[in-house]
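Chain residues, written in single-letter form:
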Amino acid sequence: MDLVGEMLCDNLQKNHAGSFKATRLAPHLRRRFTRGQTSAGRFFNADRFVNRFVDYPRVARSLRAEFDLFHVIDHSYGQLVHELPPERTIVTCHDLDTFQCLLEPEREPRSVFFRKMMSRTLSGFRRAALVTCPSEATRDQLVNYDLVAPERAVVVTNGVHPSCSPNANPQADREAERLLGADNGDIEILHVGSTIPRKRVDVLLQVFAALRQEFPAARLIRVGGAFTREQEQLIDQLELASGIVVLPQLDREVLASVYRRATLVLLPSEREGFGLPLVEALACGTPVVASDLPVLREVAAAAASYAPVANVAAWAATVTELPSIALDRVLARAAVQ
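A brief structural summary. (Residues numbered from 1 in each chain as written. Predicted model: local features only at pLDDT ≥ 70, side-chain atom pairs only at ≥ 80, totals over all residues. Heavy atoms only, no water.)

**Focus on helix H10 (residues 276-283)**
What counts is decided by this rule: Categorising residues by exposure relies on relative accessible area from a 1.4 Å probe, with only protein chains included: less than 20% of the type maximum marks a residue as buried, more than 50% marks it as exposed, and the intermediate range marks it as partly exposed. Each helix is a run of DSSP H or I of at least 4 residues and each strand a run of E of at least 2, with the numbering of both proceeding from the N terminus. Throughout, a residue-residue contact means that at least one pair of heavy atoms, one from each residue, lies within 4.5 Å.
Among the eight residues that make up H10, six are buried, leaving the element largely enclosed by the rest of the structure. Regarding H10, the residues found buried are Leu276, Pro277, Leu278, Val279, Glu280 and Ala281. At its buried positions, H10 is contacted by helix H1 (2-15), strand S5 (188-192), helix H9 (252-261), strand S8 (264-267), strand S9 (288-291) and helix H11 (294-300). Looking at the residues trailing H10, positive phi occurs at Gly285, about 85°.

Here it is, written out as C-alpha cells:
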C-alpha cells in the first residue's frame, strides 16, 4: 500500500510539520535469486520471502531507537512488529486476506510453510499498540475473529489521491489517449485492481461478454496486472480478446484520466477491505457498479449501483440497464458510435 504511506507522510509533512517529523522508510527489494530478471515466479517469491523475513526485520531492528513512533502501513508486514517496540507501533490493516489461510483454512488451503509464515506475521501484527482499519467492516472482522481487542482497533478511512478529480488534466489526458486511442464515444468499461481470485475477474469477463451482446463496440480496460492463465482461457472461450486492453502500470495522474474517460467502472470482488477503486472512480465523476458487500455500501452508500456477488445475470442486467446518470452516460456514448 505504497499510496497510503505516501499520502500519510505527505499530509504529516504538509499540515503537521510543527508537531511531527515523518520519515518514510521503504527498503528496496534485494534480489538474490532473480538478479537482472523482471519476471515473477518461484525464484522471485524466494526473493520476497528473504526480504520480508530476513532483510526488512534486520532494518527494523536497527531503527528501534531512532523514532518515537513506528507505523507499519501494511498488515502483511506484521512480522516487523517483532523487531520494533510494540507499545510504540501502529499497524494499518487493509483487509483480512493475508490471514485467510489461518482463519478459514478450509476455504483457502495453503502449505504448512506458508501457514507458518502467516502465523509469524499474525503474531507480530497482534502485538501492535494500535491497529487502524479503513472501514468499520474490516474493524468488525478483526474484533469478531478476536485478533485485536476492540479498544486497540480504530477506523481511519482512506482518502483519494489529489489527482482523482473530474477536472481535465491535458498532459495526462494526452497520455491516456496515446495508450487507448481517441475517445470516440465507444463504451469503455474499466476495472482497476489485481487479478487474484477474490477480485472475481471471471465475473467481470462474463458480464463484459453480456454487455458486448448489446454494444459490440464496447471495450474492457484493465489496470493492475496481467490476466492469469485461467482468465486468458475464459477470454478465448468468450471470444473477447479483440475488445480488451490491458494497460501497463500508470502514474496517478494518467490513471485518473483513464477513470474520467471510462463509461463505467466495475468492482465485482467477493471480498474487500475498503475498495479504493470505488472512491477513486466516484471522485473522478465516473459511475460504478460494485458487488453488494457491506463494506462497499459503507464506503459508497447511494453513490454507486450494486449487484449480488458472482450473480452474472444480475450484474449483466444492472450494467446494461443502469438507472439515472449511469444509464444516460452509457447511452450517450453509444449514440456517438
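**What to know about the layout of surface pockets**
Note the following rule: We place a 1 Å grid over just the protein atoms. Points where a 1.4 Å probe fits but has no way out form a cavity, open points with protein on both sides within 12 Å along at least 5 of 7 lines form a pocket, and any residue with an atom within 4 Å of a point lines it. Grid points are joined across faces, edges and corners, and a volume is the space filled by probe spheres set on the points. Asp, Glu, Lys and Arg are counted as charged, while Ala, Val, Leu, Ile, Met, Phe, Trp, Tyr, Cys and Pro are counted as nonpolar; the rest, among them Gly, fall into the polar class.
Of the voids in this model, the second largest pocket is the one considered here, and its volume is about 280 Å³. Contributing elements (two or more residues each) for the lining of the second largest pocket: helix H5 (136-144) and H11. With three residues, H5 is the largest single contributor of residues to the lining of the second largest pocket. When grouped by side-chain class, the residues that make up the lining of the second largest pocket number six nonpolar, four polar and seven charged.

**Overview of the packing of aromatic side chains**
To keep it simple, the criterion reads: Two aromatic rings, drawn from Phe, Tyr or Trp (for Trp, its six-membered ring), form a pair once their centres lie within 6.5 Å of each other, and the interplanar angle then sorts them: stacked below 30 degrees, edge-to-face above 60, tilted otherwise.
Scanning all chains against the criterion turns up five aromatic pairs. Geometrically, the ring pair formed by Phe67 and Phe70 is edge-to-face, given 5.8 Å between the ring centres and 75° between the ring planes. Residues Phe99 and Phe125 carry aromatic rings whose centres are separated by 5.3 Å and whose planes lie at 45° to one another, so their mutual orientation is tilted. Of this pair, Phe99 sits in the loop between strand S2 (89-92) and helix H3 (100-103) while Phe125 sits in helix H4 (residues 112-125), and the two are 26 residues apart along the sequence. On the basis of relative accessibility, which here comes to 0%, the residue Phe99 falls in the buried class.

**Digging into the sheet that holds S2**
For clarity, the threshold we go by: Paired strands, in this sense, are two strands between which DSSP finds at least two bridges. In this analysis, axes come from line fits to C-alpha atoms, helices being fitted only over the stretch in contact, and the angle between any two N-to-C directions falls in the range 0 to 180 degrees.
Spatial strand order, S1-S2-S3-S4: four strands in an open sheet with parallel pairing. Sheet topology places strand S1 (70-72) and strand S4 (153-155) at the edges, where each strand pairs with a single neighbour. Across the sheet, the axes of successive neighbouring strands diverge by a mean angle of 25°, strand direction being ignored. Across three bridges, S1 lies against S2 in parallel orientation. Within S2, the residue paired with Phe70 across the bridge is Thr89.

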